[in-house]
Amino acid sequence: QDLAKKNTANRQVVEQRRRLLQEWLAWRESMIEMLKEEGAEIELNGGIVKKEDGETEETEEVE
Amino acid sequence: MRPILLSGHERALTQVKYNSDGDIIFSVSKDHVVGAWFSHNGERLGTYHGHQGALWTVDVDPTSTLLATGGADNTMRLWEVKTGKLLKTWEFNTSIKRVEFSPDGRQLLGVTEKRSGHLSTIVVYEIIPDPEAEQTDEQSLRIVCDESKATVAGFSYLAIYIIAGHEDGSVSQYDAKTGELLFNTQAHEADMQITDLQWAPDRTYFITSSKDKSAKILATDSLEVLKTYTTDTPLNSAAITPVKDYVILGGGQAAMDVTTTSARQGKFEARFYHKVFMEEIGRVRGHFGPLNYVAVHPQGLGYCSGGEDGYVRVHHFDKPYFDFMYEVEREQANL
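Within an unreviewed UniProt entry, the label attached to chain B reads Eukaryotic translation initiation factor-like protein 3 subunit, and the organism entered is Lindgomyces ingoldianus.

Written as structure tokens, this is what we have:
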């Protein structure tokens, strides 16, 4: 019976972690979407500022 | 791998920072000197001399061109990283406790200390990211913190907000254009000072550490507390690791603050928690005094800590660090 209890407890811990991970990943995805909509290039690039000489006019997108 | 010890400072470290490439570490200390070191081998790259008092804070711009420092001599200074040349000195009535560049490096903020007759402020300057340029004397923004003094502050993603942590344990969100206080929340225990605020790489969330022995992750937009990491010691610093979902916490009680005789050396450890699950996963010891600051390599390859003991310890993460995964993480990765 003790073993059964322990297994249930373990299962609950794993379930809880699974839930936390799904919540986190969903929130992260929504934040990345938001940054894309805002055109936050530096932030989406992990804080790295692209050097100016590496940029050309070709990067401009026509909508 | 064994940690590398940077032993060039004569007094307690107050802040350490990697540049965006992760190859250089900048350190500031109560000994008035700014140090620059190669992160891979700990070799000293140079020092920056000029401050006349203890240094509290350092930051480097995203292109590793300009370095900002602030300290007890009531000045905030701008340096050329490459040559060590002092480019600009801004003078204030009180100490500068924190400096930080905006994500694009075109703004610099400073947090000024509160002292009789002077309220704590957050000041912002527009920066020209060119060592040859004449930098401005004009503040583009000045926020007066009349409720509780600011201890830490930084720019959000796209520099939309300035987020500040306060002496009273609260966190504020200001409009970074107008300086208007948009929102304030009691994130940490009342009257327990917020000691550090560090950003996630994309600045949509950040971590705060507090004397209340906890660290918390808050969402930049809502200031909602998303995660709480509870420890048994007052915290001075907290950092978020990229690549792996961990946070690193540093703190410890200074010997003079410890009332019992058994000041266990074990309290002076960097503590690793899983960012999402909020569970402690490991500790790294080594310092002989409290950890005043922890900084993470921007590509997640290692971390460094600056101690009250006067040392900077640089750690490169081993394979097991990267391999470690919770079962549910493995599940997720295999989807």
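### Side note on the overall build of chain B
Check the secondary structure of chain B and you find two helices and 28 strands. Along the three orthogonal principal directions, the C-alpha set of chain B runs to about 55 × 50 × 45 Å. Burial analysis of chain B (335 residues in total) assigns 60% to the buried set. Taking the contacts inside chain B whose residues are at least 6 apart along the sequence as the reference set, 45% of them involve residues at least 24 apart. For chain B, the accessible area works out to roughly 13400 Å², and carbon and sulfur atoms hold 47% of it. Both charge centroids of chain B, one from 32 positive and one from 45 negative side chains, sit 5 Å from each other.

### Description of the interface of chain A and chain B
Tallying the contact residues gives 22 residues for chain A and 27 residues for chain B. Across the interface of chain A and chain B, roughly 2300 Å² is buried in total on both sides, 67% from carbon and sulfur atoms. In terms of surface lost to chain B, no three residues of chain A exceed A:Arg17, A:Trp24 and A:Glu43, which account for 28% of the buried area on that side. Counting every contact that joins chain A to chain B gives three salt bridges. Between A:Arg17 and B:Glu279 there is a salt bridge; the shortest N-O distance is 3.1 Å. Those elements giving two or more residues to the side of chain A that touches chain B turn out to be α1 (2–38) and α2 (41–44) of chain A. Sort the elements by how many residues they give to the side of chain A that touches chain B and α1(A) lands first, with 14 residues.

### Section: the nonpolar core
Side chains of nonpolar character tend, in soluble globular proteins, to be buried together. Core analysis: the largest hydrophobic core is formed by 38 residues, its most contacted members being B:Ile163, B:Val171, B:Phe206, B:Ile207, B:Tyr229, B:Val247 and B:Leu249. Contributions of two or more residues to this core are made by α1 of chain A together with β15 (161–166), β18 (194–199), β19 (205–210), β20 (214–219), β22 (235–240) and β23 (246–251) of chain B. When residues of this core are assigned to their parent elements, the largest contribution, eight residues, is made by α1(A). Sequence-distant contacts of B:Tyr229, that is, excluding residues within four places in its chain, are made with B:Ile207, B:Lys213, B:Ser214, B:Ala215, B:Lys216, B:Ile217, B:Val247, B:Leu249, B:Tyr273, B:His274, B:Lys275 and B:Met278.

### Description of α1(A)
A rise of 1.5 Å per residue sets the reference length of α1(A), with its 37 residues, at 54 Å; its end C-alpha atoms lie 54 Å apart and thus fit the reference within 8%. Of the surrounding secondary structure, the elements contacted by the buried residues of α1(A) are α2 of chain A together with β19, β20, β21 (225–230) and α2 (327–333) of chain B. Remark: A:Gly39 follows α1(A) within two positions and exhibits a positive phi of approximately 70°.

### Topic: the pairing of strand β28 (residues 312–316) of chain B
Residue and element names in this part refer to chain B. Taken across its five residues, β28 has four buried, putting it largely inside the fold. Looking at chain direction, strand β1 (residues 4–6) and β28 are connected through three bridges and run antiparallel. Looking at the pairing, isoleucine 4 lines up with valine 314 of β28. Here strand β27 (residues 302–307) pairs with β28 via five bridges, running antiparallel.

### A closer look at the sheet that holds β28(B)
Residue and element names in this part refer to chain B. Ordered by their spatial adjacency, four strands build an open sheet running β1-β28-β27-β26, and the pairing between neighbours is antiparallel. Taken across any chain shown, the strands that pair with only one partner, and hence form the sheet edges, are β1 and β26 (291–296). Across the sheet, the mean angle from the axis of one strand to that of its neighbour is 20°, orientation sign disregarded.

### Considerations on the sheet that holds strand β3 (residues 24–29) of chain B
All names here are of chain B. Spatially, β2-β3-β4-β5 is the arrangement adopted by the four strands of the open sheet, whose pairing is antiparallel. Sheet topology places β2 (13–18) and β5 (44–48) at the edges, where each strand pairs with a single neighbour. Each adjacent strand pair in this sheet contributes to an overall mean axis angle of 20°, direction not counted. In the sheet, β2 pairs with β3 via five bridges, with the strands oriented antiparallel.

Calculation criteria
Residues numbered from 1 in each chain as written. Chains lettered and ligands numbered in written order. Predicted model: local features only at pLDDT ≥ 70, side-chain atom pairs only at ≥ 80, totals over all residues. Heavy atoms only, no water. Helix = DSSP H or I, 4+ residues; strand = E, 2+ residues; numbered from the N terminus. Buried < 20%, exposed > 50% of the residue type's maximum accessible area, 1.4 Å probe, protein only. Contact = heavy atoms within 4.5 Å. Areas by Shrake-Rupley, 256 points an atom, 1.4 Å probe, with all protein chains shown as cover. Lys, Arg positive; Asp, Glu negative; His and termini not counted. Charge placed at Lys NZ, Arg CZ, Asp CG, Glu CD. Buried area = accessible area lost by both parts, 1.4 Å probe. Salt bridge = Lys/Arg side-chain N within 4 Å of Asp/Glu carboxyl O. Core = buried A, V, L, I, M, F, W, Y, C linked by side-chain atoms within 4.5 Å. Expected span 1.5 Å × (residues − 1). Pairing = 2+ DSSP bridges. Axes fitted to C-alpha atoms, helices over the stretch in contact; angles between N-to-C directions.

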